[in-house]
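# Breakdown of the fold
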Amino acid sequence: MSKKPNKPAPELLRAAAEAKLASAPPTEIPTRTTEELLHELNVHQIELEMQNDELRRAQLIMEESRDRYVDLYDFAPVGYLTLDRAALISDINLTGATLLGMDRNKLIRYRFASLVASEYKDRWHQHFMRALQHGGPQSCELELRRGDGSSFSAQLDSQHLVNEGNAVRVVLIDISARKQAEKVEKLWQYSMRLTDIAERELAKEKLRQNTDVRLKQLLDAVVEGIYGVDMRGNCTFINPSALHLLGYQQEAELLGKHMHELIHHTRVDGSHYPAAECRLYHCLQSHEDIHVDDELFWRKDGSSFCVDYWSRPVRRESEVIGAVITFFDITERNLATKKLLESEELTKSAVEELHYQKYALDQHAIVATTDVHGTITYVNDKFCTISQYTREELLGQNHRLINSGTHPKEFFRGMYRRICAGKVWHGDCCNHAKDGSLYWVATTIVPYLGSDGKPFQYIAICTDITAKKKIEAILLRYRQVVETTMDGFWMMDKQGNLMFANQTFANMSGYTVAELTGMHVSQLEAKELPEEVEAHKAKI
């Protein structure tokens, strides 16, 4: 398929063109000058050369595409064959020849039926006839013989090609691995059927003679305890894991013994557990699987453990002949479950406590959280109330939205340096509300640190101190007036302690302002004061 067609020699093309011209009917040639004819010939020659180049490029592309198709065809992962109506091979790819173990050239015109194992020839003939008679694809599986005499399992997918001379295209797939896997699966299923538990004497004989090595290996390998009982509840076999869990050394200590009386005789509450009420044996009557995870098994030394077990009936020819019990110690699992439940309760209590704390915090404070970029991720109702913005207007915004411009840039740089270092920041901030009014908040910003010690979120807890700031401003103006007056001025509380005194009064009394602050009025009265102070004092 990869051979390129022979190109005709230029001499042959010219001879053919002259012969065609000679046989063509004469045509009337318009009268033109030699220069016009020469120009027309040159243009026509260039056009022919351009067409020739284009044809060469198209031919190269077609040859490359054909080569790629040949590679895909020959090296496909499956075999491709084309058969004529006599079932002779007219074409086959390299993969198909490899699967059949024969030279590709020798397979051409080779009768495909000769490659089919004798016991499958009728199946092949019926398959080929169906492919010829029906338009749709046909499939079958059979054995094929290779050139060296070996055989392999194959799947044939055939399609009648009506437009290609009534040929049949066959896709050949080696399914030996799949067939082998199916055989292994059947063997495994057969081995599993061999694990049906026989009566006690037969089970003892089988274990003693080790007739089913694979079953014993399986029983020895699993970590779960496994044992069998007959219809009377007597032990028919037991695996090493079950012996270990029950505290026994040899299977002979349990074989033929009534298992309920040995390991299942007492309930969790300490009361006697009659065998007639044993749920483990219910499957012998109900013929259904039983699962229990709230009972005890008792060890040889008299200790017990929490057990999770399954009891499944064993049948022989639809008749229940006993049961197989699988179990494992769930003491640690129960302890872990108990701890998990306690942990869940603690977690639930902690979540409720956090909920109450959050509720209390939201009732008292103005709260907002931001990510490390300063984007607002949460605000409580008080934040919305004081800022006059809705929650939707605030979420996703930056705190610059409420920056009043009161504080210098260094104020905020210091704040960010501290919280970015993972430290708590305290300060008073002046913000502006949506209507342009100003409000003050005493603010604490707490960074949340990740496992790398770096902040991943900040929470700001604020208290409205606008009224306090207004009072402080009034007091400041009042203090400035008192400090600058020429009259002595002082104030005391109900207990007679001086709360404030201006410099004029300090000068009059002979004390400093610091000495006067907190002094009881009796101390002031005990000292001899200047006459003008005494008169002023009496007046007060």
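Our subject in this report is the structure included herewith. (Residues numbered from 1 in each chain as written. Predicted model: local features only at pLDDT ≥ 70, side-chain atom pairs only at ≥ 80, totals over all residues. Heavy atoms only, no water.)

### So, the overall build of the protein
Under the convention used in this document: Here a strand is any run of E in DSSP of at least two residues, a helix any run of H or I of at least four, and the numbering for each starts at the N terminus. For the exposure calls, accessible area comes from a 1.4 Å probe over protein chains only, and a residue counts as buried if that area is under 20% of its type's maximum, exposed if over 50%, partly exposed in between. Note on contacts: a residue pair is in contact if any heavy atoms of the two residues lie within 4.5 Å. Every accessible area reported is derived by Shrake-Rupley at a probe size of 1.4 Å, with residue values counting cover from the shown protein chains alone.
Of the regular secondary structure elements, the protein holds 20 helices and 17 strands. For the protein, with 540 residues in total, the buried portion stands at 31%. Contacts in the protein between residues far apart in sequence, at least 24 positions, make up 39% of those at least 6 positions apart. Split by element, the accessible area of the protein, about 34800 Å² in all, is 56% carbon and sulfur.

### Structural notes on the packing of aromatic side chains
Selection criterion: Here a Phe, Tyr or Trp ring, Trp counted by its six-membered ring, pairs with any other such ring whose centre lies within 6.5 Å, and the pair is stacked when the planes are under 30 degrees apart, edge-to-face when over 60, and tilted otherwise. Whether a charge sits over a ring comes down to the Lys NZ or Arg CZ being within 6 Å of the ring centre and within 35 degrees of the ring normal.
A full pass over the atoms with the stated rule returns nine aromatic pairs. For the ring pair Phe297 and Tyr309, a centre distance of 5.6 Å and an interplane angle of 15° mean the geometry is stacked. With a gap of 12 residues between them, Phe297 in strand β8 (residues 290-298) and Tyr309 in strand β9 (residues 304-316) connect regions that are remote in the sequence. Tyr309 carries the same exposure label as Phe297, and that label is buried. Look at Phe411 and Phe412: their rings are 5.2 Å apart centre to centre, the planes differ by 90°, and that puts the pair in the edge-to-face class. Above the plane of the ring of Trp440 lies Lys469, whose end atom (NZ or CZ) is 4.6 Å from the centre.

### Focus on a nonpolar patch on the surface
What counts here: Patches in this entry comprise residues that are over 30% relatively accessible and not in a salt bridge; like charges within 9 Å are linked, as are nonpolar side chains (Val, Leu, Ile, Met, Phe, Trp, Tyr) within 5 Å. Salt bridge criterion: a side-chain nitrogen from Lys or Arg within 4 Å of a carboxyl oxygen from Asp or Glu.
A grouping of Val372, Tyr448 and Phe456 is seen on the molecular surface, where their side chains present a nonpolar patch of about 270 Å² in accessible area. Mapped onto the fold, Phe456 is located in strand β15 (residues 455-464).

### Observations concerning the nonpolar core
Convention followed: Among buried residues, the Ala, Val, Leu, Ile, Met, Phe, Trp, Tyr and Cys ones that are joined through side-chain atoms within 4.5 Å form a nonpolar core.
If you look at the biggest cluster of nonpolar residues, it comprises 28 residues, and the most contacted ones within it are Tyr227, Leu246, Met259, Phe297 and Phe327. Elements supplying a minimum of two residues to this core: β6 (225-230), β7 (235-238), α9 (240-246), α10 (259-263), α11 (282-286), β8, β9 and β10 (319-329). Contact partners of Met259, with chain neighbours within four places excluded, come to Tyr227, Val229, Gly233, Cys235, Leu246, Leu254, His264 and Tyr281. Within the second largest apolar cluster, 26 residues are counted, among which are Leu99, Leu115, Leu132 and Leu142.

### Some points on the pattern of salt bridges
Applying the stated criterion to the full structure yields 20 salt bridges. The closest approach of N and O atoms between Asp428 and Lys469, which form a salt bridge, is 3.4 Å. Residue Asp428 is located in strand β13 (residues 425-432), and its partner Lys469 is located in helix α16 (residues 466-484); the two are separated by 41 residues in the primary sequence. In this structure Asp428 comes out as partly exposed when scored by relative accessible area, which is 30%. For Lys469, a relative accessible area of 22% corresponds to the partly exposed category. As a salt-bridge pair, Glu472 and Lys468 come within 4.0 Å of each other at their nearest N and O atoms. Of this pair, Glu472 and Lys468 both sit in helix α16, four residues apart, roughly one helical turn. Residue classification places Lys468 among the partly exposed positions, given a relative accessible area of 48%. Salt bridges linked by common partners bring Glu141, Arg178, Lys179 and Glu182 together as one network.

### A look at the side chain of Thr82
Quick reminder of the rule: A 3.5 Å cut-off defines polar contacts: any pair of N or O atoms within that distance qualifies, except that in protein one atom must be a possible hydrogen donor and the other a possible acceptor, and neighbouring residues in sequence count only when both atoms are side-chain atoms.
Position of Thr82 relative to the elements: it lies in strand β1 (residues 79-83). Under the relative-accessibility criterion, Thr82 is labelled buried at 9%. At 3.1 Å, the side chain of Thr82 forms a polar contact with the side chain of Arg169. Apart from residues no more than four positions distant in its own chain, Thr82 is found in contact with Leu88, Ile89, Ser90, Asp91, Ala167, Val168 and Arg169.

### A few points about the sheet that holds strand β3 (residues 138-145)
Applicable threshold: Two strands pair under a simple rule: DSSP has to find at least two bridges between them. Axes, fitted as lines to C-alpha atoms, cover a helix only where it is in contact. Angles between the N-to-C directions of the axes lie from 0 to 180 degrees.
Taken in spatial order, the five strands of this open sheet run β2-β1-β5-β4-β3, and their pairing is antiparallel. The open sheet has two edge strands, β2 (89-92) and β3, and neither has a second partner. Neighbour to neighbour, the strand axes of the sheet diverge by 30° on average, direction disregarded. Sheet analysis places strand β4 (residues 151-161) next to strand β5 (residues 167-174), joined by eight bridges and oriented antiparallel. The partner of Ser158 across the bridge, within β5, is Val170.

### Considering the sheet that holds strand β11 (residues 366-370)
Spatially, five strands are ordered β12-β11-β15-β14-β13 in an open sheet, and the strand pairing comes out antiparallel. One side of each edge strand has no neighbouring strand; the edge strands of this open sheet are β12 (376-379) and β13. The mean inter-strand angle of the sheet, taken between neighbouring strand axes irrespective of direction, is 30°. Sheet topology places β11 next to β12; three bridges connect them, and they run antiparallel. Among the inter-strand pairings, Thr370 is bridged to a residue of β12, identified as Ile376. Strand contacts of helix α12 (residues 331-364): β11, β12 and β15, with the helix running at about 115° to β11, the strand carrying the most contacts. Along the sheet face, helix α15 (residues 409-420) touches β13, β14 (438-449) and β15 and points at about 135° away from the line of β13.

### Considerations on the environment of Ala421
Mapping Ala421 onto the fold places it in the loop between α15 and β13. Between the alpha carbons of Ala421 and Gly453 there is a distance of 9.3 Å; along the sequence they are 32 residues apart.

### Side note on the environment of Ser151
Looking at the element boundaries, Ser151 is found in strand β4. Ser151 sits 25 residues away from Ser176 along the chain, and the two C-alpha atoms are 9.4 Å apart. Discounting residues that sit within four places of it in the chain, Ser151 has contacts with Glu143, Leu144, Arg145 and Arg146.

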